[in-house]
Amino acid sequence: MSKEQELSEIMDEFANAKKNASIFVKNASENGDIVIGSFCQYAPMEIINAPGFYNVLLCGFNYDPPIPLAETELPANLCPLIKSSYGNILGKTCPFAFYSDIIVGETTCDGKKKMYEMLGKLKDMHVIHLPNVPDKERSLSSWQAELELFKDALEKRFNVTITDEDLRKSIHTLNIERSQTARMYELGKYDPPAMTGLQMRSVLTAEYFMLDKKNKIEKTERMLQIMEENWKEGKGPYKKDEHPVRILVSGAGLDGVIDKTIKTIEDLGAAIVCYEGCCGILNMRRPIDESDPDPMHAIADKYLEVPCAVMSPNTRRFEQFMDTVKEWNVDGVISITVHACDPFDIESKKLEDICEENEVPFLHVRTDYAPGDEGQLRTRIEAFIEMLENR
Amino acid sequence: MYYLGIDMGSTSTKVIVLNENKEIHYKKVVPTGWNCLDTANGILEELKNNGIERDDFKCVATGYGRISVPYMDKTITEISCHGKGACYLFNEKNFTVIDIGGQDTKVIEIENGAVKNFNMNDKCSAGTGKFLEIMANTLGVDINSLCELARSSKNHISISSMCTVFAESEVVSLIGRGTSKEDIAYGVVDSITNKVRGQMGKITGTNNVVRLTGGLCEIPFILDSLSEKLGTEVKSDPLGRYAGALGASLFACNIK
């Protein structure tokens, strides 16, 4: 098989990961395997995977049918991710929730917290309560205790023992995955980039849906290798003498608005070189400390670093933001937030201030899963790119 | 060779043709109507009647209907075009352009003749020409008369609803309460210029040279109200509504 063909097959597998995962999960569940549904990266996958359980993502990314259905119970003026997730479970249009033995909720905002209380009537739930302050001295011990509670709950519910050895193994595996993601972002540093932002998105989504981790890690390794070689041979996604404007995309809930934001940015000729914010680069750069004698401590220590806007103050995010802009040689920042995601929307202003101080062009777009604003978004994005190209 | 700029907005389409010396050879405003393609073809027909054939010009299209002009050589957003056109029109290099359009209100910060930053209103029509149009209809007057009525208001009231639909019911209940037409008209204009001031606040440029373009720039009371809100004299130009089309035609000059 040629390298081009191999890469295209791997990328197809990533792109189809979610579709294929529903069959995988169905078979696994019928096989008696345990499936855990969760919503965000605060659900410690290391603990879930340690006893061999599968973790699936339950975040809704579509508008119709889940959102109109969810709005029969939830306020319309709520974040679309919460409505879509709830509506998909309520209407049984999410196979992953259907096959989940238990759903793990992480209290990443008030809207989600309250939605979990309603979800508890539909499915077995375990809610992990996050600390408010991401400061290790103030929050680490209580956060570790919260994760211990989660581990105990899994052990009791499924009658298993999660040993330190199990945890160490899953930490090791997921550290590999984490470092691969960081290496993937490195491909965006190249000039021209060795990977497009849309391709990155597809790999990021696959992280939650390629449940055979060994396969996922092998395929990612091969992808990174081929992309790097291709770039050296001038066969990357951009021609050698092409220098598209370099965009850093920041924000949360992006998977529900990929076509009208991410895809539009790249269709208009710009290159997304890195992502920042929810599921962005920041959290991928440091692995979990494998030398820590207490693996639960190591996990808690790492997860407290997730730079989520729900944390206050979210100092880590802002401290590292300009480093990312400089390291990836970014021409402009586009912050994308979804309707009613107040934490990220408000933090966007802080990013804007940092950008202004450093003379980095900045655009904030607010959108929703609902269609209708494609034209206006496109005009804003297009004007921003024209502005960058003229600098 | 001629250079054609077409600014196809949500309400009206503005056309500018420049000659080789970058002088305005032809200009026209037509209603955009419901079919952008028909409007675009009508313009082509009109140009032919004026002796300009397709091979005689380069064309840049802008505005929300920019992709519906089948014979354009290039599309450029209205932000860049308004910036370019305003620089030419006002002979300024460092200033802020406000464009109040039919469905969008844009604030564009220009530095050294190039767009440095911009801001557009959200999806809804608050603070746009559409808002003014609907309120004028509710009061049974045209936009120009509404603005003149506003000038003679004795008791300044404010309309608190941002949403056009809610604001309309607010206006209807003001009419019901016997509030004078002049005062309601003042409230309507005040609502728009307040919204524009809010948008200006998001653009942090330090210069206080402000110019208004777009369909409302010919209305003196809008300029007065904006000047008062922004604390600086907001000026316009008789060709202000052509700024986008003019910018597009100037960009067309660069097409090889």
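Residues numbered from 1 in each chain as written. Chains lettered and ligands numbered in written order. Predicted model: local features only at pLDDT ≥ 70, side-chain atom pairs only at ≥ 80, totals over all residues. Heavy atoms only, no water.

## Focus: the overall build of chain B
What chain B contains, in helices and strands, is eight helices and ten strands. Relative to the globule expectation of 18 Å for 256 residues, the C-alpha radius of gyration of chain B, 19 Å, shows essentially globular dimensions. Pairs at least 24 apart in sequence give 63% of the contacts found in chain B among residues at least 6 apart. Each charge class in chain B can be summarised by its mean position, and for the 27 positive and 30 negative side chains these summaries are 4 Å apart. (Helix = DSSP H or I, 4+ residues; strand = E, 2+ residues; numbered from the N terminus. Rg over C-alpha atoms; globule rule 2.2 N^0.38 Å. Contact = heavy atoms within 4.5 Å. Lys, Arg positive; Asp, Glu negative; His and termini not counted. Charge placed at Lys NZ, Arg CZ, Asp CG, Glu CD.)

## Thoughts on the overall build of chain A
Across its full length, chain A carries 16 helices and eight strands. Since a compact globule built from 391 residues should have a radius of gyration of about 21 Å, the 20 Å found for chain A is in line with a globular shape. Every one of the 391 residues in chain A was classed for burial, and the buried ones make up 57%. When contacts within chain A are restricted to residue pairs at least 6 apart in sequence, long-range pairs at least 24 apart make up 75% of them. Counting only carbon and sulfur atoms, one obtains 49% of the accessible surface of chain A, whose full area is about 16200 Å². Here chain A carries 46 positive and 66 negative side-chain charges, and the mean point of each set is 1 Å from the other. (Buried < 20%, exposed > 50% of the residue type's maximum accessible area, 1.4 Å probe, protein only. Areas by Shrake-Rupley, 256 points an atom, 1.4 Å probe, with all protein chains shown as cover.)

## Regarding the domain arrangement of chain A
Residue and element names in this part refer to chain A. Its domain assignment divides chain A into domain 1 (1-15 + 163-242), domain 2 (34-160) and domain 3 (244-391). Relative to domain 3, the C-alpha centre of domain 2 lies at a distance of 23 Å. Counting residues at the interface gives 36 residues for domain 2, matched by 32 residues for domain 3. Roughly 2800 Å² of surface becomes buried between domain 2 and domain 3 when both sides are summed, with 66% attributable to carbon and sulfur atoms. Counting the surface domain 2 buries against domain 3, the share from its top three residues, Gln-41, Tyr-42 and Pro-134, is 26%. Run the count over domain 2 and domain 3 and you get two salt bridges. We note a salt bridge from Glu-305 to Lys-136, for which the minimum N-O separation is 3.1 Å. For the interface between domain 2 and domain 3, the tally reads twelve residue pairs in polar contact (both at pLDDT 80 or more). Of all the secondary structure elements, the ones that give two or more residues to the side of domain 2 that touches domain 3 are helix 3 (45-49), helix 5 (80-90) and helix 8 (136-158). (Domains from an automatic or database assignment. Buried area = accessible area lost by both parts, 1.4 Å probe. Salt bridge = Lys/Arg side-chain N within 4 Å of Asp/Glu carboxyl O. Polar contact = N/O pair within 3.5 Å; in protein donor to acceptor, adjacent residues only side chain to side chain.)

## Some points on the layout of surface pockets
All names here are of chain A. Volume-wise, the second largest pocket comes out at about 910 Å³. Forming the walls of the second largest pocket are 49 residues, and the residues nearest its centre are Phe-39, Cys-40, Gln-41, Cys-278 and Cys-279. Among the elements of the structure, helix 3, helix 5, helix 7 (110-119), helix 9 (164-187), helix 10 (197-209), helix 13 (295-303) and helix 15 (342-357) are those that each provide at least two residues to the lining of the second largest pocket. Examining the composition of the lining of the second largest pocket, we find that five residues originate from one element, helix 10, more than from any other. Taken together, the residues of the lining of the second largest pocket break down into 30 nonpolar, nine polar and ten charged. (1 Å grid on protein atoms, 1.4 Å probe; cavity = no way out; pocket = protein on both sides within 12 Å on 5 of 7 lines; lining within 4 Å. Points joined across faces, edges and corners; volume = space filled by probe spheres on them. Nonpolar A, V, L, I, M, F, W, Y, C, P; charged D, E, K, R; others polar.)

## Quick notes on the packing of aromatic side chains
Residues and elements named next belong to chain A. Throughout the structure, instances matching the rule amount to eleven aromatic pairs over all chains. Considering the side-chain rings of Phe-39 and Tyr-116, the 5.3 Å spacing of their centres and the 40 degrees angle between planes classify their relative orientation as tilted. Taken together, the positions of Phe-39 in the loop between strand 1 (35-38) and helix 3 and Tyr-116 in helix 7 put the pair 77 residues apart, joining distant regions of the chain. Looking at Phe-39, the relative accessible area reads 2%, which means it is buried. The interplanar angle of 90 degrees and the centroid separation of 6.2 Å between the aromatic rings of Tyr-42 and Trp-143 together place this pair among those described as edge-to-face. (Phe/Tyr/Trp six-rings, centres within 6.5 Å; stacked < 30°, edge-to-face > 60°.)

## As for the confidence of the model for chain A
When the pLDDT values of chain A are averaged, the result is 96; 100% of them are 70 or greater. Least confident of the elements in chain A is helix 10 of chain A, whose mean pLDDT is 93; most confident is strand 4 (residues 125-128) of chain A, at 98. (pLDDT = per-residue confidence, 0-100.)

## Quick look at the environment of Cys-59 of chain A
Counting through the fold element by element, Cys-59 of chain A comes out in the loop between strand 2 (54-57) and helix 4 (66-70). Residues in contact with Cys-59 of chain A, not counting those within four places in the same chain, are Lys-18, Ser-38, Phe-39, Leu-81 and Ser-85 of chain A.

## Some remarks on the sheet that holds strand 2 of chain A
Residues and elements named next belong to chain A. Taken in spatial order, the four strands make up an open sheet running 2-1-3-4, and their pairing is parallel. In this open sheet, the two edge strands, each paired with only one partner strand, are strand 2 and strand 4. Direction aside, neighbouring strands of the sheet carry axes that sit 25 degrees apart on average. Here strand 3 (residues 102-106) pairs with strand 4 via four bridges, running parallel. When the bridges of strand 4 are listed, Gly-105 appears paired with Val-127. (Pairing = 2+ DSSP bridges. Axes fitted to C-alpha atoms, helices over the stretch in contact; angles between N-to-C directions.)

## Thoughts on the interface of chain A and chain B
Counting residues at the interface gives 15 residues for chain A and 19 residues for chain B. For the pair chain A and chain B, the interface holds one salt bridge. Among the elements that take part in the side of chain A that touches chain B, helix 16 (residues 374-389) of chain A stands out by supplying eight residues, more than any other. Per-class residue counts for the side of chain A that touches chain B are six nonpolar, two polar and seven charged.

## Remarks on the pairing of strand 2 (residues 12-18) of chain B
All names here are of chain B. By the criterion of burial, strand 2 is predominantly enclosed, with seven of the seven residues buried. Pairing between strand 1 (residues 2-8) and strand 2: six bridges, direction antiparallel. Among the inter-strand pairings, Asp-7 is bridged to a residue of strand 2, identified as Lys-14. The hairpin formed by strand 1 and strand 2 contains three residues between the paired strands. As defined by bridge partners, strand 2 adjoins strand 3 (residues 24-31) across seven bridges and the pair is classed as antiparallel. Its bridge partner lying in strand 3, Lys-14 is registered against Val-29. Joining the antiparallel neighbours strand 2 and strand 3 is a turn of five residues, in which Lys-22 adopts a positive phi near 60 degrees.

## Description of the side chain of Asn-121 of chain B
Residues and elements named next belong to chain B. For Asn-121, the position within the fold is in the loop between strand 8 (114-120) and helix 3 (129-139). Residue Asn-121 is classed as buried on the basis of its relative accessible area, which comes to 2%. Of the polar contacts made by the side chain of Asn-121, one reaches the backbone nitrogen of Thr-105; its length is 2.8 Å.

## Considerations on the side chain of Lys-213 of chain A
All names here are of chain A. Position of Lys-213 among the secondary structure elements: in helix 11 (residues 213-232). A distance of 3.1 Å separates the side chain of Lys-213 from the backbone oxygen of Glu-207, its partner in a polar contact. Aside from chain neighbours lying at most four places away, what touches Lys-213 is Met-45, Asn-49, Thr-173, Leu-174, Glu-177 and Glu-207.

## Describing the pattern of salt bridges
Counting across every chain of the model gives 47 salt bridges over all chains. Connected through shared salt-bridge partners, Lys-3, Glu-4, Glu-229, Glu-233 and Lys-235 of chain A make up one network.

## Observations regarding the sheet that holds strand 2 of chain B
All names here are of chain B. Ordered by their spatial adjacency, five strands build an open sheet running 3-2-1-4-5, and the pairing between neighbours is mixed. Only two strands of the sheet have a single neighbouring strand rather than two, namely strand 3 and strand 5 (74-75). Sheet topology note: the strand 4 (residues 57-62)/strand 5 ladder contains two bridges and is parallel. Looking at strand 5, one finds that Ala-61 is bridged to Thr-75.

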